[in-house]
Amino acid sequence: MRQAGRSLPEYRAARGPGSILDAIHQPELVATLTRQPVDRYGTDAAIFFSDIVVPVAAIGFGVDVAPGTGPVVEQPFRSASDLQRLRPLEPELDTPYVIEAVSILAESLDVPLIGFAGGPFTVGSYLVEGGPSKNFTRIKSLMLAEPALWETMVDRLTDMAIASLRSQLDAGASAFQLFDSWAGILSPRHYANLVLPATKRLFAEMRDSHPDVPSILFGVGTGELLPLMATAGSSVVGIDWRVPLGEARQRVRDDQAIQGNLDPSVLGAPWPVVEAETREVLREAGTAPGHIFNLGHGVLPETDPDVLQRVLELVHREGQAGRENL
Ligand code: 1CP
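Let us look at the structure shown here. The model shown is predicted, which means the values in this text are computed figures rather than measured ones.

### Some details on the sheet that holds strand β7 (residues 236-238)
Sheet strands associate in pairs through backbone hydrogen bonding, adopting either a parallel or an antiparallel arrangement.
Next up, step 1: Spatially, 7 strands are ordered β1-β4-β5-β6-β7-β8-β9 in an open sheet, and the strand pairing comes out parallel. The sheet is open, and its two edges are formed by β1 (46-47) and β9 (291-295), each paired on a single side.
Next up, step 2: Both strand β6 (residues 215-218) and β7 contribute to a ladder of 2 bridges, which runs parallel. By the bridge assignment for β7, I216 is matched with V236.
Next up, step 3: Taken strand by strand, helix α9 (residues 147-170) contacts β4 (113-118) and β5 (175-179), and its axis lies near 170° from that of β4.

Structure representation (structure tokens):
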């Protein structure tokens, strides 16, 4: 569950104030923060504690993550001259703290560790917009008005994601997730022409270097994009709460698993509602293998940890019963 930690009192206590990037530079602290949701909830996997802007911040693009806001960029990417600020990532030199934290976790966790990187559209959107965005106007204009520049930019961001993911897998992560969280803002035609080719290349190159490593492609609001995303080459497709899982199955390939998709806002409702909604997700997912229960997006900071705990217990109980009935 992405950002599961930030709703936890032990997260706030261990992390302290200031930019999350400071915390991300401290491998022992990262290992602790990664373990917290696993220790508390008994999740079946851990998601590495980091952020999608870590590689671009590490090469000195001038990115910070402002508390309560998210990534902010001092001098946004606006023209071809900004390409010189997007040099290749050398993980051993630029992000040794990531490699060290993954190594500590690979040694000490009892569950698989999921590494991750940001998808090219989502990371590009922060660089071009300068921060979180509602309409994504600047990045869309850049993509459409200057396709050659976008192609170069997307290729560099994709190369950085590949380098980062490889370093995490080499250090002991067992699977990886590509968060192209905001790709759902694009029309299918724009996604197919301007984002999918680089995304396909990423999964193909990852398969070449790390065959058999499970991979997840995720975005929000991707209902219309799912059939396209399903061709990108991941073994799992993440689904947000807007598409019922039964329908989502029709939109991905038969050999792909799906991940999702309880609406994170539902966790604020009284328990009987949360229970019914959780059961509905499991019912929609059906009995065929290949469903990873998750929220449809990250845990909201105001979420009551005890409610999440009960959801996890319910899912584990039902999953166990389901397996026994197979
Ligand atoms: O569960 C975890 O804590 C895992 C670590 C993790 C992950 C997987 C963090 C820590 N960030 C991410 C990925 C990430 N970061 C995504 C993709 C997942 C998603 O869609 O939520 C995105 C879009 C970001 C960018 C980002 N970082 C935002 C969103 C801003 C926006 O545009 O709306 C925010 C708020 C952050 C800060 C951040 N990153 C992570 C945490 C725990 C936090 C918030 C609190 C903090 O600063 O401690």
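Here the narrative resumes, following the displayed structure.
### Some words on the pattern of salt bridges
Next up, step 1: Counted by the stated rule, this structure contains 13 salt bridges.
Next up, step 2: Put simply, D94 and R87 hold a salt bridge, and the shortest N to O gap is 2.9 Å.
Next up, step 3: What makes D94 buried here is its relative accessible area of 13%.
Next up, step 4: For the salt bridge of D159 with R201, the shortest nitrogen-to-oxygen distance reads 2.9 Å.

### Some details on helix α8 (residues 137-145)
Next up, step 1: What α8 keeps buried is the set I139, L142 and M143. Burial along α8 is one-sided: seen end-on, the buried residues are contained in an arc of 95°. Pointing more than 90 degrees away from the buried face of α8 are the exposed residues T137 and A145.
Next up, step 2: Each element contacted by the buried residues of α8 is listed here: α7 (120-129), α9 and α10 (188-194).

### What about the environment of L295?
Next up, step 1: Tracing the backbone shows L295 in strand β9.
Next up, step 2: Residue class for L295 comes out buried when judged on its relative accessible area of 1%.
Next up, step 3: The spacing of L295 and D263 is 32 residues in sequence and 6.0 Å in space, taken between C-alpha atoms.

### Observations regarding the pairing of β4
Next up, step 1: Of all 6 residues making up β4, 6 are buried, and the element is well covered by its neighbours.
Next up, step 2: As paired strands, β1 and β4 are joined by 2 bridges and run parallel to one another. Note on β4: the bridge partner recorded for I47 is I114.
Next up, step 3: Looking at chain direction, β4 and β5 are connected through 5 bridges and run parallel. Bridge pairing in β5 links I114 to A175.

### Describing α9
Within an α-helix, residues lying three or four positions from one another point in the same direction, as the helix has 3.6 residues per turn.
Next up, step 1: In a regular helix each residue adds 1.5 Å, so 24 residues correspond to 34 Å; α9 covers 34 Å between its end C-alpha atoms and thus fits that length.
Next up, step 2: Phi for G172, located one or two positions after α9, is positive at around 125°.

### A word on the layout of surface pockets
Leftover empty space is mapped by rolling, across the atoms, a probe with the size of a water molecule.
Next up, step 1: In this structure, the second largest pocket encloses a volume near 150 Å³.
Next up, step 2: Around the second largest pocket sit W241, V243, P244, L245, N261, L262, D263, V266, E277, E280, V281 and E284, which together line it.
Next up, step 3: Elements represented by at least two residues in the lining of the second largest pocket include exactly β8 (257-262) and α14 (271-285).
Next up, step 4: In terms of residues, the lining of the second largest pocket owes the most to one element, α14, which gives 4 residues.
Next up, step 5: Residues of the lining of the second largest pocket, tallied by class, amount to 7 nonpolar, 1 polar and 4 charged.

### Details of the environment of A288
Next up, step 1: Within the secondary structure, A288 is located in the loop between α14 and β9.
Next up, step 2: On the basis of relative accessibility, which here comes to 43%, the residue A288 falls in the partly exposed class.
Next up, step 3: Sequence separation of A288 and A257 is 31 residues, and the distance between their C-alpha atoms is 9.6 Å.

### Some details on unusual backbone geometry
Next up, step 1: G260 connects to N261 through a cis peptide bond whose omega is -5°.
Next up, step 2: A positive phi angle, close to 75°, is found at D212, a residue other than glycine.
Next up, step 3: Looking at the secondary structure, you find D212 in the loop between α11 (196-209) and β6.
Next up, step 4: Classification of D212 by relative accessible area gives exposed; the value is 76%.

### Some remarks on the side chain of N261
Next up, step 1: Following the sequence through the fold, N261 ends up in strand β8.
Next up, step 2: Owing to a relative accessible area of 6%, N261 belongs among the buried residues under this scheme.
Next up, step 3: Within the local environment of N261, its side chain forms a polar contact with the backbone oxygen of V243, the two atoms lying 2.8 Å apart.
Next up, step 4: Leave out the neighbours within four places in its chain, and N261 touches I239, D240, W241, V243, P244, L245, V281, N294, L295 and G296.

### Some words on the environment of R12
Next up, step 1: Here R12 lies in helix α1 (residues 9-15).
Next up, step 2: With 21 residues separating them in the primary sequence, R12 and L33 have C-alpha atoms 9.6 Å apart.
Next up, step 3: When residues no more than four places from it in sequence are discounted, the contact partners of R12 are R6, S7 and P301.

### Quick word on the nonpolar core
Next up, step 1: Formed by 102 residues in total, the largest nonpolar core has its most connected members in V56, F77, L86 and L127.
Next up, step 2: Setting aside its immediate chain neighbours within four residues, L127 contacts V56, F61, V63, V73, P76, F77, L86, M153 and L157.

Reading the values: the criteria
Residues numbered from 1 in each chain as written. Predicted model: local features only at pLDDT ≥ 70, side-chain atom pairs only at ≥ 80, totals over all residues. Heavy atoms only, no water. Pairing = 2+ DSSP bridges. Helix = DSSP H or I, 4+ residues; strand = E, 2+ residues; numbered from the N terminus. Contact = heavy atoms within 4.5 Å. Axes fitted to C-alpha atoms, helices over the stretch in contact; angles between N-to-C directions. Salt bridge = Lys/Arg side-chain N within 4 Å of Asp/Glu carboxyl O. Buried < 20%, exposed > 50% of the residue type's maximum accessible area, 1.4 Å probe, protein only. Arc of directions from axis to C-beta. Expected span 1.5 Å × (residues − 1). 1 Å grid on protein atoms, 1.4 Å probe; cavity = no way out; pocket = protein on both sides within 12 Å on 5 of 7 lines; lining within 4 Å. Points joined across faces, edges and corners; volume = space filled by probe spheres on them. Nonpolar A, V, L, I, M, F, W, Y, C, P; charged D, E, K, R; others polar. Polar contact = N/O pair within 3.5 Å; in protein donor to acceptor, adjacent residues only side chain to side chain. Core = buried A, V, L, I, M, F, W, Y, C linked by side-chain atoms within 4.5 Å.

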